[in-house]
Amino acid sequence: MEIINYEVEKLQDPTGILTGERFEYTMAIKVDEEDELYRSGGLDLRLILAVEDGIARIADYHFIDSESEKPLDFALDEEEEEQEVLAFCKERLAE
């Protein structure tokens, strides 16, 4: 899995219920054709990053078929992929 492009947007909480800050990342993902996540029209990962007291964590995410914009029922590998994506988001947040 390789992140080939991304956009990030700071989310506003008009209710004031959520603590900390929230950022929405939309990442274009490249996977091998043999991977079950592979989609001929492309694959996106939409993720909410929560930052509170200087600690960033993944609050929620979904893989999205780029062509149909429908969510896919897949998860990141907790030990490797989740940490890789979290590190990617944290690095871009610091820029």
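Scroll up to find the structure this text is about.
S.K.: Looking at this model, I keep getting lost on the environment of D13. Mind explaining?
M.R.: If you trace the backbone, D13 turns up in the loop between β1 (2-11) and β2 (21-30). Within the structure, the side chain of D13 is placed 2.7 Å from the backbone nitrogen of L18, a separation counted as a polar contact.

S.K.: Would you mind showing me how to read helix α1 (residues 81-93) here?
M.R.: Since the α-helix advances by 3.6 residues per turn, residues separated by three or four positions end up pointing in the same direction. For α1, which comprises 13 residues, the first-to-last C-alpha distance of 18 Å matches the rise-based estimate of 18 Å (1.5 Å per residue) to within 8%. The set of residues buried in α1 consists of V85, L86, F88 and C89. For α1, the angular spread of the buried residues around the axis is 160°, confining them to a single face. Buried-residue contacts for α1 involve β1, β2, β3 (43-52) and β4 (55-65).

S.K.: Mind showing me how you'd approach the side chain of D65 here?
M.R.: As for its placement among the helices and strands, D65 is situated in strand β4. At a separation of 3.1 Å, a polar atom in the side chain of D65 contacts the main-chain amide nitrogen of S68. Non-local contacts of D65, meaning those with residues more than four positions away in its chain, are made with R39, G42, K70 and L72.

S.K.: Looking at this structure, how should I read a negative patch on the surface?
M.R.: A grouping of D32, E33, E34, D35 and E36 is seen on the molecular surface, where their side chains present a negatively charged patch. Here D32 lies in the loop between β2 and β3. Look at D32 and you get exposed, because its relative accessible area is 56%.

S.K.: Help me understand the pairing of β2, please; the structure alone is not making it clear to me.
M.R.: Remark: a regular strand shows side chains that alternate across the two faces of the sheet. Sheet topology places β1 next to β2; 9 bridges connect them, and they run antiparallel. Of the residues in β2, the one forming a bridge with N5 is A28. Taken together, the 9 bridges between β2 and β3 define a ladder with antiparallel strand orientation. Paired with A28 across the two strands is D44, which belongs to β3.

S.K.: How do you make sense of the packing of aromatic side chains when you look at a structure like this?
M.R.: In this description, an aromatic ring pair is defined by two values, namely the gap between the centres and the angle between the planes. Within this structure, the stated rule accounts for 3 aromatic pairs. Taken together, a centroid distance of 5.3 Å and an interplanar angle of 90° make the contact between Y6 and F88 edge-to-face. Separated by 82 residues along the polypeptide, Y6 in strand β1 and F88 in helix α1 bring together distant segments of the chain. On the basis of relative accessible area, Y6 is assigned to the partly exposed category, the value being 27%. For F88, a relative accessible area of 12% translates into the label buried. Note on Y61 and F63: the rings are 6.4 Å apart at their centroids and 85° apart in plane angle, and the pair reads as edge-to-face. Both residues of the pair, Y61 and F63, belong to the buried class. Cluster of aromatic residues (ring-pair linked, three or more members): Y6, Y25 and F88.

About the criteria used
Residues numbered from 1 in each chain as written. Predicted model: local features only at pLDDT ≥ 70, side-chain atom pairs only at ≥ 80, totals over all residues. Heavy atoms only, no water. Helix = DSSP H or I, 4+ residues; strand = E, 2+ residues; numbered from the N terminus. Polar contact = N/O pair within 3.5 Å; in protein donor to acceptor, adjacent residues only side chain to side chain. Expected span 1.5 Å × (residues − 1). Buried < 20%, exposed > 50% of the residue type's maximum accessible area, 1.4 Å probe, protein only. Arc of directions from axis to C-beta. Contact = heavy atoms within 4.5 Å. Patch = residues over 30% accessible without salt bridge, like charges linked within 9 Å, V, L, I, M, F, W, Y side chains within 5 Å. Areas by Shrake-Rupley, 256 points an atom, 1.4 Å probe, with all protein chains shown as cover. Salt bridge = Lys/Arg side-chain N within 4 Å of Asp/Glu carboxyl O. Lys, Arg positive; Asp, Glu negative; His and termini not counted. Charge placed at Lys NZ, Arg CZ, Asp CG, Glu CD. Pairing = 2+ DSSP bridges. Phe/Tyr/Trp six-rings, centres within 6.5 Å; stacked < 30°, edge-to-face > 60°.

Bear in mind that shape data such as this cannot, by itself, settle questions of function.
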